[in-house]
Amino acid sequence: MATIKTGIASDSDIEHVVNDSEFSERSHLSQAEIDQCQKVMESLRRWREADRALSEVSRRYMRLNESDMRTIRMLIRAQQRGRVVTPKDIAREVGISSASTTKLVRRLEVNGHLVRVAHPSDRRTICLEVTAATARVARETIGRQHSRRFDAAAALDGVERETVIRFLTALAEADSPQGYLAEASDSAKQETVETEQESDTCALE
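The structure presented is a predicted model; accordingly, all values stated were derived computationally and were not measured.

Caption draft 1: How the structure looks around the side chain of T86. Among the secondary structure elements, T86 is positioned in the loop between α3 (66-80) and α4 (87-94). Filtering out sequence-adjacent residues up to four positions away, T86 remains in contact with H119, T125, I126 and L128.

Laid out in structure tokens, this is it:
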């Protein structure tokens, strides 16, 4: 019987897929250029692993999950720009339902990460702000991480930075869901909308 592989693909499996020219035209590239492209992809892989590891350490230190961290970052950015944030803004940013947002806000409030404040123009709506203590910890963790990344970009000259910008922009476009993944993405968005509508209906009943 044939062995069925399960779990996360190994590095060799990933390398086989990456090296498969079925999905990309490489006839115009020399072997040296192909090898260089592989080194670029390997460097990206190492950076993504480092980013995930650092983000995980930050979440554990602050005792937050991924949705919590995204919410904290959003609130800090908004406060720096003088913008107000409502629970609906968080739901859109994080991509969760109204019911899940309510639980998230309550959890962060109980743990002392955010507070509710009055909306400047709509008394029926509440706004959310990060507490001073959480903002201070975020500056010491996320802020320092961002500064190190900025220093890496500052070490390049203008031409190199434009090359990196062009590459990362193209990479972001290349990573947009295609084919089956695009269908799955659309389906997930529709499910989120339906869930929010059901939650809103239940709240009115």
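Here the narrative resumes.
Caption draft 2: Region of the structure containing the pattern of salt bridges. Scanning the model with the defined rule gives 10 salt bridges in all. The partner of R77 in a salt bridge is E93, and the shortest N-O contact between them spans 3.5 Å. In this pair, R77 sits in helix α3 while E93 sits in helix α4, placing the two residues 16 residues apart along the sequence. In this structure R77 comes out as partly exposed when scored by relative accessible area, which is 34%. Taking the relative accessible area as the measure of exposure, E93 reaches 32% and is therefore partly exposed. The salt bridge involving E140 is made with R144; its shortest N-O contact spans 2.9 Å.

Caption draft 3: Broad picture of helix α6 (residues 132-154). Residue R139 marks the point of greatest curvature in α6, where the axis turns by about 35 degrees. For α6, every residue scored as buried is listed here: T134, A135, A138, T141, I142 and Q145.

Caption draft 4: Main features of the confidence of the model for the protein chain. This prediction gives the protein chain a mean pLDDT of 81; 79% of its residues lie at or above 70. Taken element by element, the predicted model of the protein chain shows its lowest mean pLDDT in helix α1 (residues 11-19) (49) and its highest in helix α7 (residues 158-174) (95). Overall, residues 1-14 carries pLDDT values under 50, and its contacts beyond four positions in sequence, including any with other chains, amount to 2 contacts. Within the model, pLDDT remains below 50 along residues 199-205, and this stretch shows 3 contacts once partners closer than five positions in the same chain are excluded.

Caption draft 5: Quick peek at the environment of A78. Position of A78 relative to the elements: it lies in helix α3. Among all residues touching A78, those that are not within four sequence positions of it are R83 and V85.

Caption draft 6: Geometry of the packing of α4 against helix α5 (residues 98-110). Running from N to C, α4 and α5 cross one another at 110 degrees; their axes reach a closest spacing of 9 Å. In terms of axis orientation, α4 runs roughly perpendicular to α5. Contacts between α4 and α5 involve P87, I90 and A91 from the first element and T101, L104 and V105 from the second. Of the residues belonging to the contact of α4 with α5, the class tally is 5 nonpolar, 1 polar and no charged.

Caption draft 7: Just the packing of helix α2 (residues 31-62) against α6, in detail. Interhelical geometry of α2 versus α6 gives an angle of 170 degrees and a closest axis separation of 11 Å. In terms of orientation, α2 and α6 fall into the roughly antiparallel class. Here W47, D51, L54, S58, Y61 and M62 of α2 come into contact with α6, specifically with T134, V137, A138, T141, Q145, R148 and R149. Each residue belonging to the contact of α2 with α6 can be placed in one class, and the counts come to 6 nonpolar, 4 polar and 3 charged.

Caption draft 8: Quick look at the environment of R63. Here R63 is to be found in the loop between α2 and α3. The exposure class of R63 is exposed, given its relative accessible area of 76%. Taking the C-alpha atoms as reference points, R63 and N111, separated by 48 residues in sequence, lie 9.3 Å from one another.

Caption draft 9: Examining α2 more closely. For α2, which comprises 32 residues, the first-to-last C-alpha distance of 47 Å matches the rise-based estimate of 46 Å (1.5 Å per residue) to within 8%. Three or more residues of α2 are buried, namely I34, L44, S55, S58, R59 and M62. Where the residues of α2 are buried, they touch α3, α6 and α7. Where α2 terminates, the next one or two residues include R63, which has phi positive at roughly 55 degrees.

Here is what the cut-offs are and how they apply
- Residues numbered from 1 in each chain as written.
- Predicted model: local features only at pLDDT ≥ 70, side-chain atom pairs only at ≥ 80, totals over all residues.
- Heavy atoms only, no water.
- Helix = DSSP H or I, 4+ residues; strand = E, 2+ residues; numbered from the N terminus.
- Contact = heavy atoms within 4.5 Å.
- Salt bridge = Lys/Arg side-chain N within 4 Å of Asp/Glu carboxyl O.
- Buried < 20%, exposed > 50% of the residue type's maximum accessible area, 1.4 Å probe, protein only.
- Bend = angle between axes of the 7 residues up to and from the residue.
- pLDDT = per-residue confidence, 0-100.
- Axes fitted to C-alpha atoms, helices over the stretch in contact; angles between N-to-C directions.
- Parallel < 35°, antiparallel > 145°, perpendicular 65-115°, else oblique.
- Nonpolar A, V, L, I, M, F, W, Y, C, P; charged D, E, K, R; others polar.
- Expected span 1.5 Å × (residues − 1).

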